[in-house]
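Commentary on secondary and tertiary structure
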Amino acid sequence: MRLLLVHSLLSVFGIVHGAVTVYGPHVQQPLGSQTVTAASASYTEAATYDQIVLTPPPVPNPPPPTSFGVQLQTGGVATGLSIPQSGAFFGFSIEFSVVTQVRDFYMSYRLNLRPHGTGTESSFMQVPFLNLMANIRERAGSVQVRLGGNSQETATLVNTIPDGKSMEKDTTNTSNPTDTPPLLFTPEIIKMMASVSTLTNVRWYLGIPFYDTQNFQLQVAEVGEAVLGNHLIGLQGGNEPDLYAKHGHRPANYSPQDYTDEFGLLVDAVNADSGLPDKDVLIGPNLSGTWEPEQVWDTDFATDYSQSLIALAVEHYPTDNCYAQYGTGAPRNAQDIFPTYLTHKSGQDIVSPYINSTSYAQSLGKPFVMFETNTASCGGFPGLSDSFGAALWGVDYALQMAYVNFTGALFHVGGQSDYYNPFTPPVTNQSTFNQWTIGPIYYSALFVAETLGSSNQSQVLDLGMNGGNEFTPGYAIYENGEPTRVALINFVSDPTGASDYTASISLAGGSTPAQVKVKYLSASSVAQKWNFTWAGQTFGDAFTSDGRPVGNVDVQTITCDQTNRVCNIPVPAPGAALVFLSDQALEESDPGPTMTFPTTAYTKVHNTATINPSVLATSNGNMGTADWLADTSQGSLENSASSFACAIPSLGAVIAGALLVVRMAYAS
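Fair warning: this is a prediction, and the values are worked out from it, not measured in the lab.

Under the counting rule described, the total for this entry stands at two disulfides. Residue pairing for Cys-322: its cysteine sulfur links by disulfide to Cys-378, the two sulfurs lying 1.9 Å apart. Here the S-S torsion is close to 75 degrees, and the disulfide linking Cys-322 with Cys-378 is therefore right-handed. Here Cys-322, found in helix α9 (residues 322-326), pairs with Cys-378, found in the loop between β15 (368-373) and α13 (388-403); they are 56 residues apart in sequence, far enough to count as distant. A relative accessible area of 9% places Cys-378 in the buried class. Covalently, Cys-560 is tied to Cys-567 through a disulfide, its sulfur atoms 2.0 Å apart. Here the disulfide of Cys-560 and Cys-567 is right-handed, its torsion about the S-S bond being about 100 degrees. For the pair shown, Cys-560 and Cys-567 are each scored as buried.

Put into structure tokens, the structure is as follows:
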């Protein structure tokens, strides 16, 4: 890397092709509207740039009680517990068409997994993405990730793409209300997935295109099984088939029986394919909520295809923002609906239509997965989906799904225009000076992973505490019949502190511990954007994270009242507390520092120079270039810079008098 020293002389020499950037503490802001790429630095179309902040709802009237008891049964007598749940319950669903954003191309540094000069696209992966997955793996043991969505239905696996890319979109031929483009992709995508799995124990779901049921394209299944092995959980057969007719992909009278019949054609195709050794990997019916699951169960879908099904699944969003994004459906105001997310009733209402189906799945010995969900379809709402309130909602909603016996929940990750993303890379032409943005739903994922732990034996109980108050829900986690952790949520936003509550936890029939450990999920308001903290650590503001939490871990020790046999746990308004009833419970959920990944390769190695701000502030340019040469072109330093310096010996001193540091931010 070479430092460029320029001021007004740049225009004389004719080398101004990028934005001028002044570096200071925690800031890298391009200057100069006269440069051709300066506009990129004030780009405002991506959701991460949206500065909308909502107004927190008022304190409920009447306000919830702020002091109450929580009694936990011990000795294996607790009733109403969920089935044993995996610590990897909370996973992610990544839209197929944006997978390269979370993999590479969007950052100036990547992880090189192969020797220099031998790397292909699958050998370079996003360091932030690996770190984000490693954070979950360290707490849960593994991570579930689905690669799919609407874009999987028109995705075609090919050996190569003429321009050498691993994926190409046909943006001139979009479909669905979400303008889904057809895709071409190469095996490099699946090889990348295998590399991620090797490093972070991610286990994957893929989807088989379902728009052409007379000629199923099974290449993604064949390569997926061959490359991913036991890191491939299953293959989705049809994405939201109950919307096919509405989106113009099937006749208007397309029915649950029609879907079941078409799924049978897929079963036959898989059984006849010698390139697919594992036949019992299919997942259905993946409904959006337009059809009731019972309508599909009534066709004998689950029983007729039981030998081919590895899981049953649905998809659901509590509402949509499609009118704002695409001009379809009804307009909805985020401020008006914000309060509906800040209540226990939200999660309960979402899962209610599926309780019968989770029981049905258990009777068949099948997992039941929420295959795609988030705050609202069509990208979520500005100020709501990216607020701290969404983090609390995600915690409560996920634990409610676990309580009613879903076996996993995958929260969706979309493109740059989506507000609900758990994590978002920077837009392409700013990837050399911006990092990733970590959304509230990712904080939810960390909280839930630690709540359930890595034993895969955690059973969830909705405590119905505080008289069932909808603003103060709580859950107990049981392992082997004994309570190990308690999750306490406070949806109320009250800066006065008057709505902070104290839950007095007691163990019926058990001994009261001398002390408990507590971690807090915190922010100043439910409307706050970014800079939340989980156990004292944060992923910071927008564009600032490399996927590793920053700050000192803060695990608070609360001394219990053994005389009165209670542990009094304060919970701020707003906030959530995770109480570890023993040191063993804490160690199981958070075994220690997470293994993260360094940067060993750079994808943009020219015109990316930086300088320490303190050096810049104190420099007077006194022969600052005496020991090095300035240059703007790759390879030209060795050829011409030396003679240039000899010809104009005073140039460095002249320019240094008005020193600026310039990044050549070429438009991609």
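Having seen the structure, we can now continue with the description.
Taken as a whole and judged by the stated rule, the model has 15 salt bridges. For Arg-139, the salt bridge is made with Glu-450, and the minimal N-O distance between the two is 2.7 Å. Here Arg-139 is found in helix α3 (residues 127-140), whereas its partner Glu-450 is found in helix α14 (residues 440-452), with 311 residues between them in sequence. A single burial state applies to Arg-139 and to Glu-450, both of which are buried. The shortest N-O distance in the salt bridge between Glu-588 and Arg-485 comes to 2.7 Å. With Glu-588 in helix α16 (residues 583-589) and Arg-485 in strand β21 (residues 482-490), this residue pair connects regions lying 103 residues apart in the sequence. Among the residues examined, Glu-588 registers a relative accessible area of 19% and is labelled buried. Taken together, the shared-partner salt bridges in this structure form one network comprising Arg-139, Glu-450, Lys-519 and Asp-590.

Moving on to the confidence of the model for the protein chain. Low pLDDT means the predicted atomic positions in that stretch should not be read closely. With 76% of its residues at a pLDDT of 70 or more, the protein chain has an overall mean of 83. Element-level pLDDT for the protein chain is lowest in strand β2 (residues 27-31), with a mean of 32, against a maximum mean of 99 in α13. Within the model, the stretch residues 104-123 combines pLDDT values under 50 with 79 contacts to residues more than four positions away or in other chains. Predicted confidence for residues 605-611 stays below pLDDT 50, and this span has 19 contacts to residues more than four positions away or in other chains.

The next subject is the packing of helix α11 (residues 344-351) against α13. The contact between α11 and α13 brings their axes to 9 Å, and the two run at 40 degrees. Taken together, the axis directions place α11 and α13 in an arrangement best described as oblique. As for how α11 packs across α13, the hand of that crossing is right-handed. Contact residues: His-344, Ser-346, Gly-347, Gln-348, Ile-350 and Val-351 in α11; Trp-393, Asp-396, Tyr-397, Gln-400 and Met-401 in α13. Split by residue class, the contact of α11 with α13 holds five nonpolar, five polar and one charged.

What follows is about the sheet that holds strand β16 (residues 408-413). Spatial strand order, β4-β7-β11-β12-β13-β14-β15-β16: eight strands in a closed barrel with parallel pairing. Each strand of the sheet is rotated relative to its neighbour by a mean of 30 degrees, with strand direction disregarded. Two strands pair when backbone bridges link them, and strand β4 (residues 90-95) and β16 are joined in this way by five bridges, in the parallel orientation. The residue bridging Phe-92 from the neighbouring strand is Phe-411, located in β16. Packed on one face of the sheet, α3 meets β4, β7 (143-148) and β11 (202-208) and runs near 135 degrees to β7.

Judged by pairing direction, the sheet is mixed, and its three strands sit side by side in the order β8-β10-β9 without closing on themselves. Of all the strands in the sheet, the pair left with one neighbour each is β8 (155-157) and β9 (167-169). Ignoring strand direction, the axes of neighbouring strands in this sheet form an average angle of 20 degrees. Examined bridge by bridge, β9 and strand β10 (residues 183-185) share three bridges and lie antiparallel to one another. Its bridge partner lying in β10, Lys-169 is registered against Leu-183.

Note on placement: Asn-286 falls in strand β13 (residues 282-287). By relative accessible area, Asn-286 is classed as buried at 0%. In this structure the side chain of Asn-286 is engaged in a polar contact, spanning 3.5 Å, whose partner is the backbone oxygen of Gly-237. Aside from chain neighbours lying at most four places away, what touches Asn-286 is Gln-236, Gly-237, Gly-238, Asn-239, Glu-240, Pro-241, Tyr-259, Ala-313, Val-314, Glu-315 and Phe-371.

Within the secondary structure, Gly-238 sits in the loop between β12 (232-237) and α6 (256-272). For Gly-238, a relative accessible area of 0% translates into the label buried. Taking the C-alpha atoms as reference points, Gly-238 and Tyr-211, separated by 27 residues in sequence, lie 8.1 Å from one another. Once residues lying within four places of it in the same chain are set aside, the contact partners of Gly-238 are Glu-153, Ile-208, Phe-210, Tyr-244, Pro-285 and Asn-286.

Okay, the pairing of strand β27 (residues 575-580) next. Burial of β27 is extensive: six of the six residues sit out of reach of the surface. Of the two faces of β27, the one carrying Gly-575, Ala-577 and Val-579 and the one carrying Ala-576, Leu-578 and Phe-580 are both buried. With six bridges connecting them, β21 and β27 associate as antiparallel partners. Bridge pairing in β27 places Leu-488 opposite Ala-577. When strand β23 (residues 515-522) meets β27, the two strands line up antiparallel, connected through six bridges. Bridge pairing in β27 places Ser-522 opposite Gly-575.

Okay, the packing of helix α4 (residues 187-200) against helix α5 (residues 219-228) next. If you want to describe how two helices pack, look at the angle between their axes and the distance between the axes. Here α4 crosses α5 at 30 degrees, and the two axes come no closer than 9 Å. The angle between α4 and α5 falls in the class roughly parallel. For α4 against α5, the interelement crossing comes out right-handed. Judged by residue contacts, Pro-187, Ile-190, Lys-191, Met-193 and Ala-194 of α4 engage Val-220, Val-223, Gly-224, Val-227 and Leu-228 from α5.

Definitions and limits used
- Residues numbered from 1 in each chain as written.
- Predicted model: local features only at pLDDT ≥ 70, side-chain atom pairs only at ≥ 80, totals over all residues.
- Heavy atoms only, no water.
- Disulfide = S-S within 2.5 Å.
- Helix = DSSP H or I, 4+ residues; strand = E, 2+ residues; numbered from the N terminus.
- Buried < 20%, exposed > 50% of the residue type's maximum accessible area, 1.4 Å probe, protein only.
- Salt bridge = Lys/Arg side-chain N within 4 Å of Asp/Glu carboxyl O.
- pLDDT = per-residue confidence, 0-100.
- Contact = heavy atoms within 4.5 Å.
- Axes fitted to C-alpha atoms, helices over the stretch in contact; angles between N-to-C directions.
- Parallel < 35°, antiparallel > 145°, perpendicular 65-115°, else oblique.
- Left-handed = near helix turned anticlockwise from the far one by under 90°.
- Nonpolar A, V, L, I, M, F, W, Y, C, P; charged D, E, K, R; others polar.
- Pairing = 2+ DSSP bridges.
- Polar contact = N/O pair within 3.5 Å; in protein donor to acceptor, adjacent residues only side chain to side chain.

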